[in-house]
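Chains, contacts and geometry: an overview
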Protein chains: 2
Amino acid sequence: MTFISRELRLKSQPTGMPTADNFELVSVGLPDPAPGEVQVRNLWMTVDPYMRVRMNEARSYMPPFQIGEAMQGGAIGEVVVSNAPNLKAGDLVTSFLGWREGFNAPADGVAKLDTHGLPPQAFLGVAGMPGLTAYAGLLRVAALKPGDVVFVSAAAGAVGQVVCQIAKLKGHTVIGSAGGAEKVAFLKEIGVDHVIDYKAVPNLAEALIAAAPDGIDVYFENVGGEHLEAALAAAKPFARFALCGMISQYNAIDAGAGTRGLIQVVAKSLRLEGFLVRHHADLQPVFIKELSDWVGEGKIKWRETVEYGIESAPSAFFKLFKGENLGKMLVKLT
Amino acid sequence: MTFISRELRLKSQPTGMPTADNFELVSVGLPDPAPGEVQVRNLWMTVDPYMRVRMNEARSYMPPFQIGEAMQGGAIGEVVVSNAPNLKAGDLVTSFLGWREGFNAPADGVAKLDTHGLPPQAFLGVAGMPGLTAYAGLLRVAALKPGDVVFVSAAAGAVGQVVCQIAKLKGHTVIGSAGGAEKVAFLKEIGVDHVIDYKAVPNLAEALIAAAPDGIDVYFENVGGEHLEAALAAAKPFARFALCGMISQYNAIDAGAGTRGLIQVVAKSLRLEGFLVRHHADLQPVFIKELSDWVGEGKIKWRETVEYGIESAPSAFFKLFKGENLGKMLVKLT
């Protein structure tokens, strides 16, 4: 029986904000898997802001998506047919072959998933790449130390929600920025000390300085632009900024709006360090162990925003840039 | 005999580029020094870009100059009268009491200068704060390591000329940016591998990438603005930027023009670290020892631009922002 899988291909490179026209939904029949291969039905796929960068023509830190080819990204699937000894039908696997309903792949192109008792899709969020990003960025890149006051932008997003809670469970004062009442309520619920609704305040820098009158020691950067300017203005001397992403800049048509106030990096002896989670994969085992403990103790909660069906993946993706997700944005494929 | 000292006081805070109207030249009669004090005639004073920041009303990393009071800065002087046991007439001393022809001060407010055989004014430049800035920024902040390709802006300035030569004597490929034929010729003379005349190239980033087709590992930042943007564009993954100053920004009336392309800090895992030389004073002894050796071996040369008389100090200062100095800008007071 042929598995008909629908997949989303890049049809054209976006200029600015991507649109449905940049995608093409195509049905492909998967042949029987070859020896050593598995056939996988995807249950969940993720959409992440960084994927926007891969839709551009230029190579950045990952190769660009190719026009006419299926896009890629994290996915959780179930083995349907296995021609490999180490996997069997019914096994859950993670792969980088999202944006499609199913695929054949060599068995070593997927990884068997031990859910540690968590829902499988958590491994696209709090227990997956976004969770490890939060953990590595806060503890290693920003080198969180006792007494630090921590500012987090996109605090109610997939990464931000984990950053806030790790900082809180370690006893820090946390200031989170997010847009809209639902996100603000969630951040208060998870114990964030000062929540700034950036869409509601007239001046973000002033709001941040009011929340942290003595300044911030750590900034976890997910947004860029005005948020970075506010963090520069509010930084204490020797503050450390872990730069994870700048979602406000990804759809810029030129090099983005300029960031003002960088002279503060000199005046305050700041350290701004960008990072990619893939360079911190060595932390994965200790991260999963600590995370499991924290979840078991009720110290980490999380939210997901779920869209349904492969055909909804582009709109789920667009919503990231409009801030319409609370927590991890996921697409449920079955 | 009363010592009549002329001194420059801050008359008003500049808006944008400072002008002669912001200064007032006043003659004051120095009384005989009190017990424990010395009377010093300044021989040399320095003007440095950072002083512009102290002319603003707001406190930055140093307190602002006060209107109606003499400005301050590094100076080399000669003791005229000593009422302190550890200093005698004729001794050379360094102090932070520049912008005046002479002063009385407690003996512990000055430091006796051992010139190590160098001209005294070198201790306002290559052997002083600018030299230590170069040494600490390149070796500690940027953590120079074998094989690094180094880009230096304001490369023919007081700090830049030392950065270039330390990097060269350690065997690195060095790219220096400066404006004008005289500076370009000097940088070639001291062995800089690729000299970019930023005033003559149509696109600085393209010129830098042409000079360093595989990218730069270290950027020593003295300028800001377009230079920082070029360095971001040309940086290799994991490049380190030591941010010493941003002279292009000091006269900005608002927060300065924005810097574009900061998303590269994330995409390339860059580290941008600002620093102030005063936090690296522990390196002073090893710096002076190494520098003396290098000068003795002919491995470090330097240039000075000298103006004469206290009344010329404001115009010497203005010339810094027009790039009219080659090497250290000094004012000779006697």
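The number of helices and strands found in chain A is nine helices and 15 strands. Radius of gyration (C-alpha) of chain A: 20 Å, near the 20 Å computed for a compact globule of 334 residues. C-alpha extents for chain A along the principal axes are approximately 65 × 45 × 35 Å. Residue pairs at least 24 apart in sequence account for 67% of intrachain contacts in chain A once pairs closer than 6 positions are excluded.

Each α-helix winds once per 3.6 residues, and so residues spaced three or four apart point in a common direction. Within helix H5 (residues 204–211) of chain A the residues assigned to the buried category are Leu 204, Ala 207 and Leu 208 of chain A. Down the axis of H5 of chain A, the smallest arc covering the buried residues is 100°, so these residues share one side.

Let's shift gears to the interface of chain A and chain B. Taken together, the contact between chain A and chain B spans 30 residues of the former and 30 residues of the latter. Within the side of chain A that touches chain B, the residues separate by chemical class into 15 nonpolar, 11 polar and four charged. The sheet contact formed by strand S13 (residues 271–274) of chain A and strand S13 (residues 271–274) of chain B spans three bridges and is antiparallel. When the bridges of S13 of chain B are listed, Arg 271 of chain A appears paired with Glu 273 of chain B.

All right, on to the pairing of strand S3 (residues 37–46) of chain A then. All names here are of chain A. Across the 10 residues of S3, eight count as buried, placing the element largely inside the fold. Across five bridges, the pairing between S3 and strand S6 (residues 102–106) is antiparallel. Directly across from Glu 37, in S6, lies its bridge partner Pro 106. Direction of pairing for S3 relative to strand S4 (residues 75–82): antiparallel, over a ladder of seven bridges. Within the sheet, the bridge partner assigned to Asn 42 lies in S4 and is Gly 77. Where S3 and strand S15 (residues 328–332) come together, three bridges link them in antiparallel fashion.

Our focus in this paragraph is the sheet that holds strand S11 (residues 216–221) of chain B. Strand order across the open sheet formed by 12 strands is S10(A)-S9(A)-S8(A)-S11(A)-S12(A)-S13(A)-S13(B)-S12(B)-S11(B)-S8(B)-S9(B)-S10(B), with mixed pairing between neighbours. Sheet topology places strand S10 (194–197) of chain A together with strand S10 (194–197) of chain B at the edges, where each strand pairs with a single neighbour. The mean angle between the axes of side-by-side strands here comes to 15°, regardless of whether they run parallel or antiparallel. Across three bridges, strand S8 (residues 149–152) of chain A lies against strand S11 (residues 216–221) of chain A in parallel orientation. Residue Val 150 of chain A lies in a different strand from S11 of chain A, and its bridge partner there is Val 218 of chain A.

Ranked by size, the top nonpolar core spans 218 residues in total, and within it Leu 138 of chain A together with Leu 138 of chain B carry the most contacts. Among residues more than four places away in sequence, those in contact with Leu 138 of chain A are Leu 144, Val 163, Ile 166, Ala 167, Phe 220 and Ala 242 of chain A.

Glancing now at the relation of the copies chain A and chain B. Rotating chain A by 180° and translating it 0.0 Å along the rotation axis places it on chain B, where the RMSD comes to 0.0 Å. Between the two chains, the operation in question is that of a two-fold axis. Using C-alpha coordinates, one finds that chain A approaches the rotation axis most closely at Gly 258 of chain A, a distance of 1.8 Å. An overlap of 100% is found between the interface residues of chain A and their copies at the interface of chain B, pointing to a shared contact surface.

Residue and element names in this part refer to chain B. Their axes nearest at 8 Å, the elements helix H5 (residues 204–211) and helix H6 (residues 226–234) cross at an angle of 40°. By the criterion of interaxial angle, the relationship of H5 to H6 is oblique. When you trace H5 past H6, the crossing you get is right-handed. For the pair formed by H5 and H6, the contact residues are Leu 204, Ala 205, Leu 208 and Ile 209 on the first element and Glu 226, His 227, Glu 229, Ala 230, Ala 233 and Ala 234 on the second. By residue class, the composition of the contact of H5 with H6 is seven nonpolar, one polar and two charged.

Residue and element names in this part refer to chain A. For the pair helix H2 (residues 129–141) and helix H8 (residues 284–296), the least separation of the axes is 10 Å and the interaxial angle reads 100°. One way to sum up the angle between H2 and H8 is to call them roughly perpendicular. Judged by residue contacts, Gly 131, Leu 132 and Tyr 135 of H2 engage Gln 284, Phe 287 and Leu 291 from H8. Per-class residue counts for the contact of H2 with H8 are four nonpolar, two polar and no charged.

All names here are of chain A. Here the domain parsing of chain A yields domain 1 (3–125 + 302–332) and domain 2 (129–278). A separation of 28 Å is found between the C-alpha centroids of domain 1 and domain 2. Listed per partner, the contact involves 18 residues of domain 1 and 17 residues of domain 2. Here the residues of the side of domain 1 that touches domain 2 sort into eight nonpolar, seven polar and three charged.

Attention shifts here to the environment of Ala 212 of chain B. All names here are of chain B. By the secondary structure assignment, Ala 212 is in the loop between H5 and S11. For Ala 212, a count of 20 C-beta atoms within 10 Å gives the class buried. Along the chain, Ala 212 and Ala 89 lie 123 residues apart, while their C-alpha atoms are 54 Å from each other. Apart from the residues lying within four places of it in its own chain, the contact partners of Ala 212 are Val 149, Phe 151, Ile 175 and Ala 234.

Per-chain confidence: chain A averages 96 in pLDDT, with 99% of residues scoring 70 or above. Both scores are available for the predicted complex, with the pTM at 0.94 and the ipTM at 0.94.

Next up on the list: unusual backbone geometry. Residue and element names in this part refer to chain A. If you check the backbone angles, Trp 99 has positive phi at about 65° while not being a glycine. Here Trp 99 lies in the loop between strand S5 (92–95) and S6. Note on Trp 99: 28 C-beta atoms within 10 Å, which makes it buried.

Criteria and thresholds
- Residues numbered from 1 in each chain as written.
- Chains lettered and ligands numbered in written order.
- Predicted model: local features only at pLDDT ≥ 70, side-chain atom pairs only at ≥ 80, totals over all residues.
- Helix = DSSP H or I, 4+ residues; strand = E, 2+ residues; numbered from the N terminus.
- Rg over C-alpha atoms; globule rule 2.2 N^0.38 Å.
- Contact = placed C-beta atoms within 7 Å.
- Buried ≥ 20, exposed ≤ 12 C-beta atoms within 10 Å, placed from the backbone.
- Arc of directions from axis to C-beta.
- Nonpolar A, V, L, I, M, F, W, Y, C, P; charged D, E, K, R; others polar.
- Pairing = 2+ DSSP bridges.
- Axes fitted to C-alpha atoms, helices over the stretch in contact; angles between N-to-C directions.
- Core = buried A, V, L, I, M, F, W, Y, C linked by C-beta atoms within 7 Å.
- Least-squares fit on C-alpha atoms with pLDDT ≥ 70 in both.
- Parallel < 35°, antiparallel > 145°, perpendicular 65-115°, else oblique.
- Left-handed = near helix turned anticlockwise from the far one by under 90°.
- Domains from an automatic or database assignment.
- pLDDT = per-residue confidence, 0-100.

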